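Fold and contact review
Next come the chains, spelled out residue by residue.
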Amino acid sequence: MLDSFRVARENELPPCSRCGGRITIGADGPVGRHGVPVRLELCPVCDTDTPAGGPLLAFLGTGGGRDASRAEEAARLMWAWQREAMAGHGFHWVPGNGSGAGTAPPYTGPMPHGHG
């Protein structure tokens with residue numbers, strides 16, 4: 001739900017919960033399985049080599065985030081990164097009509113670091 005996210009200016013972003021460095025994007029999302037809000041972080045140190053985070057960081061690093069003609073590309077990259085980051089917290093996107101009829105596979109990855 002979009003209204004469950006909080007947006008902050010760049011100078012208000014907390015440090016990365018994984019390395020303590022400066023994050024590029026941060027978002028507080030829905031409450032996770034431990035009763036703590038999910039914290040999504042895009043960190044140039046921690047996420048450069050991830051399948052979705054790396055391409056988004058490269059896109060932003062080349063000025064893509066300030067080029068309106070690349071909005072469609074930005075949307076694709078942001079969507080992929082959000083899905084990847086949410087999966088790291090045990091959430092999975094299930095295609096469908098929103099009826100809840102589909103089921104997501106259980107998350108079997110490592111326990112996330114930091115908040116969430």
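Residues numbered from 1 in each chain as written. Predicted model: local features only at pLDDT ≥ 70, side-chain atom pairs only at ≥ 80, totals over all residues. Heavy atoms only, no water.

**Some remarks on the overall build of the protein chain**
Looking only at helices and strands, one finds 2 helices and 2 strands in the protein chain. Secondary structure elements of the protein chain occur, N-terminal to C-terminal, as β-β-α-α. Counting across all 116 residues of the protein chain, residues that qualify as buried make up 28%. Here the contacts in the protein chain between residues at least 6 apart in sequence split such that 46% fall between residues at least 24 apart. With an accessible surface of roughly 7600 Å², the protein chain has 57% of that area assigned to carbon and sulfur atoms. (Helix = DSSP H or I, 4+ residues; strand = E, 2+ residues; numbered from the N terminus. Buried < 20%, exposed > 50% of the residue type's maximum accessible area, 1.4 Å probe, protein only. Contact = heavy atoms within 4.5 Å. Areas by Shrake-Rupley, 256 points an atom, 1.4 Å probe, with all protein chains shown as cover.)

**A look at the nonpolar core**
Counting 14 residues, the largest nonpolar core has Ile25, Leu40, Leu42, Leu56, Phe59 and Trp81 as the members making the most contacts within it. Secondary-structure elements contributing two or more residues to this core are β1 (25-31), β2 (37-42), α1 (53-61) and α2 (71-87). The element contributing the most residues to this core is α2, with 5 residues. (Core = buried A, V, L, I, M, F, W, Y, C linked by side-chain atoms within 4.5 Å.)

**Examining the confidence of the model for the protein chain**
When pLDDT drops low, the exact placement of atoms in the prediction is not to be read closely. In the predicted model, the protein chain carries a mean pLDDT of 79, and 72% of its residues have values of at least 70. For the protein chain, per-element mean pLDDT is lowest for β1, which scores 80, and highest for α1, which scores 95. (pLDDT = per-residue confidence, 0-100.)

**Overview of the pairing of β1**
In terms of burial, β1 is largely enclosed, as 5 of its 7 residues are buried. In terms of strand pairing, β1 meets β2 through 5 bridges, oriented antiparallel. When the bridges of β2 are listed, valine 31 appears paired with proline 37. (Pairing = 2+ DSSP bridges.)

**What to know about the pattern of salt bridges**
Under the counting rule described, the total for this entry stands at 4 salt bridges. As a salt-bridge pair, glutamate 41 and arginine 18 come within 3.9 Å of each other at their nearest N and O atoms. One end of the pair, glutamate 41, is in strand β2; the other, arginine 18, is in the segment before β1, with 23 residues separating them in the sequence. Residue aspartate 47 pairs with arginine 18 through a salt bridge whose shortest N-O separation is 2.9 Å. In this pair, aspartate 47 is assigned in the loop between β2 and α1 and arginine 18 in the segment before β1, connecting sequence segments 29 residues apart. The partly exposed category is assigned to arginine 18, whose relative accessible area is 35%. (Salt bridge = Lys/Arg side-chain N within 4 Å of Asp/Glu carboxyl O.)

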